[in-house]
Amino acid sequence: MAKIKLEYLWLDGYEPTQNLRSKTKVEEHENFQGTLEEIGNWSFDGSSTRQAEGGSSDCLLVPVAIYPDPTRINGYLVMCEVMNADGTPHPSNGRATIDDDNDDFWFGFEQEYFIMDTKTLLPLGFPVGGYPAPQGMYYCSVGGKNTHGRKLVEEHADLCIAAGINFEGINQEVACGQWEFQLFAKGAKKAGDEIWVARYLLDRLTEKYGYYIEYHPKPLGDTDWNGSGMHANFSNEVLRTCGSKETYEKICEAFRPVTKEHIEVYGAYNEQRLTGKHETASINDFSYGVSDRGCSIRIPLMTVQKGWKGWLEDRRPASNGDPYKIAARIIKTVKSAL
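Taking an unreviewed UniProt entry as the reference, the protein chain is identified by name as Glutamine synthetase belonging to Flavobacterium agrisoli. UniProt annotates the protein chain under Catalytic activity (unreviewed entry) with the comment "L-glutamate + NH4(+) + ATP = L-glutamine + ADP + phosphate + H(+)". According to its UniProt record, the protein chain has this under Subcellular location (unreviewed entry): "Cytoplasm".

Caption draft 1: Structural context of the sheet that holds strand E2 (residues 20-29). Taking strand neighbours across the sheet as the criterion, the 5 strands line up as E2-E1-E5-E4-E3 in an open arrangement whose pairing is mixed. If you trace the sheet from one side to the other, it starts and ends with E2 and strand E3 (42-45), each paired once. For this sheet, the mean angle separating the axes of adjacent strands, direction not counted, is 40 degrees. Relative to strand E4 (residues 58-68), E3 runs antiparallel, the two sharing 4 bridges. Looking across to E4, one finds that Trp-42 is bridged to Leu-61.

Caption draft 2: Representation of the pattern of salt bridges. In this structure the tally under the stated criterion is 16 salt bridges. Residues Arg-72 and Glu-7 are paired through a salt bridge, measuring 2.8 Å at the closest nitrogen-oxygen approach. You can see Arg-72 sitting in the loop between E4 and strand E5 (75-83) and its partner Glu-7 sitting in strand E1 (residues 2-11), a full 65 residues away along the chain. Of the charged contacts, one joins Arg-256 and Glu-253 as a salt bridge, the two residues approaching to 2.9 Å between their closest N and O atoms. By relative accessible area, which is 36% here, Arg-256 ends up partly exposed. In the salt-bridge network here, residues are joined through shared partners; they are Glu-81, Arg-95 and Asp-193.

Caption draft 3: View of the packing of aromatic side chains. Throughout the structure, instances matching the rule amount to 16 aromatic pairs. A centroid spacing of 6.5 Å and a plane angle of 15 degrees characterise the contact between Tyr-131 and Trp-225, whose relative ring orientation is stacked. Taken as a pair, Tyr-131 in the loop between strand E6 (106-117) and helix H1 (150-162) and Trp-225 in the loop between strand E9 (211-214) and strand E10 (230-235) lie far apart in primary sequence, 94 residues in all. Look at Tyr-131 and you get exposed, because its relative accessible area is 54%. Look at Phe-286 and Tyr-288: their rings are 6.2 Å apart centre to centre, the planes differ by 50 degrees, and that puts the pair in the tilted class. Assessed through its relative accessible area of 23%, Tyr-288 is described here as partly exposed. Feature note: the residues Phe-107, Phe-109, Phe-234 and Phe-255 constitute an aromatic cluster, connected by ring pairs. Between the NZ or CZ atom of Lys-186 and the centre of the ring of Trp-106, over which it lies, the distance is 4.5 Å. Its guanidinium or amino end placed over the ring of Trp-106, Arg-240 lies 3.6 Å from that ring's centre, counting from NZ or CZ.

Caption draft 4: Quick peek at the environment of Gly-34. Along the chain, the position of Gly-34 falls in the loop between E2 and E3. Ignoring any residue separated from it by four or fewer positions in sequence, one finds Gly-34 in contact with Ile-66 and Tyr-76.

Caption draft 5: Broad picture of the packing of H1 against helix H2 (residues 188-206). Orientation of H1 relative to H2, taken along the N-to-C sense of each, is 135 degrees, at an axis distance of 10 Å. Regarding the angle of H1 to H2, the classification is oblique. The handedness of the crossing between H1 and H2 comes out as right-handed. The residues of H2 that touch H1, namely those facing Leu-152, Glu-155, His-156, Leu-159 and Cys-160, are Ala-198, Leu-201, Leu-202, Leu-205 and Thr-206. When its residues are assigned to classes, the contact of H1 with H2 shows 7 nonpolar, 2 polar and 1 charged.

Caption draft 6: Representation of the nonpolar core. Ranked by internal contacts, the top residues of the largest apolar core, which has 65 residues, are Phe-107, Tyr-113, Ile-165, Leu-312 and Ile-330. Broken down by element, this core gets its largest block of residues, 10 residues, from H2. For Ile-330, the contacting residues outside a window of four places in its chain are Phe-107, Ala-232, Phe-234, Phe-255, His-262, Tyr-266 and Asp-314. With 14 residues, the next largest nonpolar core counts Phe-32, Cys-59, Ile-66 and Val-82 among its residues.

Caption draft 7: Molecular detail of the packing of helix H4 (residues 245-255) against helix H7 (residues 323-336). Contact pair H4 / H7: the axes reach a minimum separation of 8 Å and the direction vectors enclose 125 degrees. Between H4 and H7, the interaxial angle falls into the category oblique. The crossing of H4 and H7 is right-handed. Residues Ile-251, Ala-254 and Phe-255 of H4 lie in contact with H7, whose contacting residues are Ile-330, Thr-333, Val-334 and Ser-336. A breakdown of the residues in the contact of H4 with H7 according to their chemical character gives 5 nonpolar, 2 polar and no charged.

Rules used in this analysis
Here the residue index of a chain counts from 1 through its sequence in written order. Residue-level local features of this predicted model are given only where pLDDT is at least 70; pairs of side-chain atoms are given and counted only at 80 or more, and the full residue set underlies all totals for whole chains, interfaces and linings. To obtain the side-chain values, all non-hydrogen atoms of the structure were included, while hydrogens and water were left out. UniProt positions are given in the numbering used here, feature names are shortened, and annotations may be inferred rather than shown by experiment. When DSSP finds at least two bridges between two strands, those strands are taken to pair. Put simply, DSSP marks the helices as runs of H or I at least four residues long and the strands as runs of E at least two long, and each gets a number from the N terminus on. Between N-to-C directions, angles span 0 to 180 degrees; the directions come from axes that are lines fitted to C-alpha atoms, helices contributing only their stretch in contact. A pair is scored as a salt bridge if a Lys or Arg side-chain nitrogen falls within 4 Å of a carboxyl oxygen belonging to Asp or Glu. Accessibility here uses a 1.4 Å probe with only protein chains present; expressed as a share of the type maximum, an area under 20% marks a residue as buried, one over 50% as exposed, and anything in between as partly exposed. In this scheme Phe, Tyr and Trp rings, the latter by its six-membered ring, pair at centre separations within 6.5 Å, and the angle between planes marks the pair as stacked below 30 degrees, edge-to-face above 60, and tilted otherwise. Only when the NZ atom of a Lys or the CZ atom of an Arg is both within 6 Å of the ring centre and within 35 degrees of the ring normal do we say a charge sits over the ring. Contacts were defined at the residue level, with two residues in contact if any of their heavy atoms lie within 4.5 Å. Oblique is the label for every angle not falling under 35 degrees (roughly parallel), over 145 degrees (roughly antiparallel), or within 65 to 115 degrees (roughly perpendicular). Note on convention: the crossing is left-handed when the near helix lies turned anticlockwise from the far helix by less than a right angle, right-handed when the turn is clockwise. Residue polarity is assigned by list, with Asp, Glu, Lys and Arg as charged and Ala, Val, Leu, Ile, Met, Phe, Trp, Tyr, Cys and Pro as nonpolar; anything else, Gly included, falls into the polar class. Put simply, buried Ala, Val, Leu, Ile, Met, Phe, Trp, Tyr and Cys residues joined by side-chain atoms within 4.5 Å make one nonpolar core.

Listed below in structure tokens is the structure:
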């Protein structure tokens, strides 16, 4: 028998932005294979996470995905849905709203973020009381003058890969101290699971560096510095195989009348980022175009070159958005067009 450390992860009930919470359960197992079938539900005090009242505070944690924890001996990361005591989805449970039981929808998320110094409360590379050199030389840069935080970023990539997450890349972004990682999954729920677990690994990793991660979409305010998004690349069988410009345009047009509904679940404070500047479309408009990073939805050039077979990129989601809610809304809109 071996002692197995199971780190149960869930999203709390804070608004407008939910936070990751976790706690460890130690169990004895013989020949543990790391599957959901080998572990059970758990519970937590919802009154401490804004998910229940003190008089009836138990909320259920139902495991939905499990990954090896690369930093712990016999450790595993267990992503959970939050359920009410009667087994129904809690109102904070965005994963339960995804209508993709057959994994027809594939998602690739591009998670941008700033690495912040806990002492200065500024992005890495920012001097106290001032600013570094203007944007231009930081994007995909190399060398100590313009590149800040690579050690943490590389370690995070290694952890995600070791955990079995379908991690697809990293790069420094346009602003100083700003980075991005990319994940891809076949199935909207799996894509959301992996973004949240990757965020958890990133947040936990900062503890030993004296950093923290800022997911706010415009942490530097109304300045000439880029904000952070989480572009959502998506497809279903129709988009991957239709070979029809008309079908693509029909699907894109389905997003126009529900612009407000999408923005409502694309992350808080996104109006500070979606200004029409810094490679964004205005939050008040809707547009789409081929290879246009100033549009709400970009039709990738590769999709067109392959005969209108591929995917779309919604560039509006903010870096602090919930991938579950973002995917659920995109799926609902795409299905309305078909």
